[in-house]
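Chain residues, written in single-letter form:
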Amino acid sequence: QVQLVESGGGAVQPGGSLRLSCAASRSIFRLYAMGWYRQAPGKQRELVATLNSGGSTNYADSVKGRFTIARDNAKNTVELQMNSLKPEDTAVYYCKAEDRLPRRDYWGQGTQVTVSS
């Protein structure tokens, strides 16, 4: 069992930056992957970025070059640095932990990110 708590969301102007943090209730060292997802009003939840235990990353095309995911095993946290934010980045951002075997996913409650003038 893993409990996840997101923080760092807020309101920024286009072109601004935010850094989201996901704190886990236990060690994330042995988890298969950690990731960030987002859901905008009226849209499906979508993958933003993932980072597996081997250090491999995966980013949505829409955020490549602007967002960076990183893990701190000592602090049991996963960060999402978001730069050059656009209005279309507005969404609730969720942290996810994936464990194997068996496959099991854990989700945080989400943190709101709003990008507007």
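Details of the structure are given in the entry above.
No experiment lies behind these values; they were computed from the predicted model shown. Within each chain, residues carry numbers counting from 1 in the order of the written sequence. Where local features are concerned, this predicted model is filtered to residues with pLDDT of at least 70; where side-chain atom pairs are given and counted, the filter is 80 or more; whole-chain, interface and lining totals use all residues. The basis for the side-chain values is all heavy atoms of the structure; hydrogens and waters are excluded.

## Structural notes on the packing of aromatic side chains
The rule is short: rings of Phe, Tyr and Trp, with Trp giving its six-membered ring, pair when the centres are within 6.5 Å, and they are stacked under 30 degrees, edge-to-face over 60, tilted in between. Taken as a whole and assessed by the stated rule, the structure comprises one aromatic pair. Considering the side-chain rings of Y37 and W107, the 5.1 Å spacing of their centres and the 65° angle between planes classify their relative orientation as edge-to-face. Linking Y37 in strand β4 (residues 33-39) with W107 in strand β10 (residues 104-107), this pair joins segments that are 70 residues apart in sequence. As a reminder, the over-ring test applies to NZ of lysine and CZ of arginine, requiring each to be within 6 Å of the ring centre and within 35 degrees of the ring normal. Of note, R45 hangs over the ring of Y94, and the distance from its end group to the ring centre comes to 3.7 Å. The aromatic ring of W107 is capped on one face by R45, whose charged end is 4.7 Å from the ring centroid. Helix and strand definitions follow DSSP, with helices as H or I runs of at least four residues and strands as E runs of at least two, each counted in order from the N terminus.

## Examining the sheet that holds strand β1 (residues 4-7)
Pairing between the strands of a sheet is mediated by backbone hydrogen bonds and can be parallel or antiparallel. Strand order in the open sheet formed by four strands is β1-β3-β8-β7, with antiparallel pairing between adjacent strands. On the outer flanks of this sheet lie β1 and β7 (67-72), each paired with one strand and no other. Taken over all neighbouring pairs, the strand axes of this sheet differ in orientation by 15° on average, direction set aside. The pairing of β7 with strand β8 (residues 77-82) spans six bridges and is antiparallel. By the bridge assignment for β8, F67 is matched with M82. Pairing between strands is defined by DSSP: at least two bridges between them are needed. The angle between two axes is taken between their N-to-C directions and runs from 0 to 180 degrees, where each axis is a line fitted to C-alpha atoms and a helix contributes only its stretch in contact.

## Concerning the pairing of strand β5 (residues 46-52)
Two elements, β4 and β5, share six bridges in a ladder whose sense is antiparallel. Note on β5: the bridge partner recorded for R38 is E46. Here β4 hands over to β5 after six residues, with G42 in that stretch at a positive phi of 75°. Sheet topology note: the β5/strand β6 (residues 57-59) ladder contains three bridges and is antiparallel. Bridge pairing in β6 links T50 to N58.

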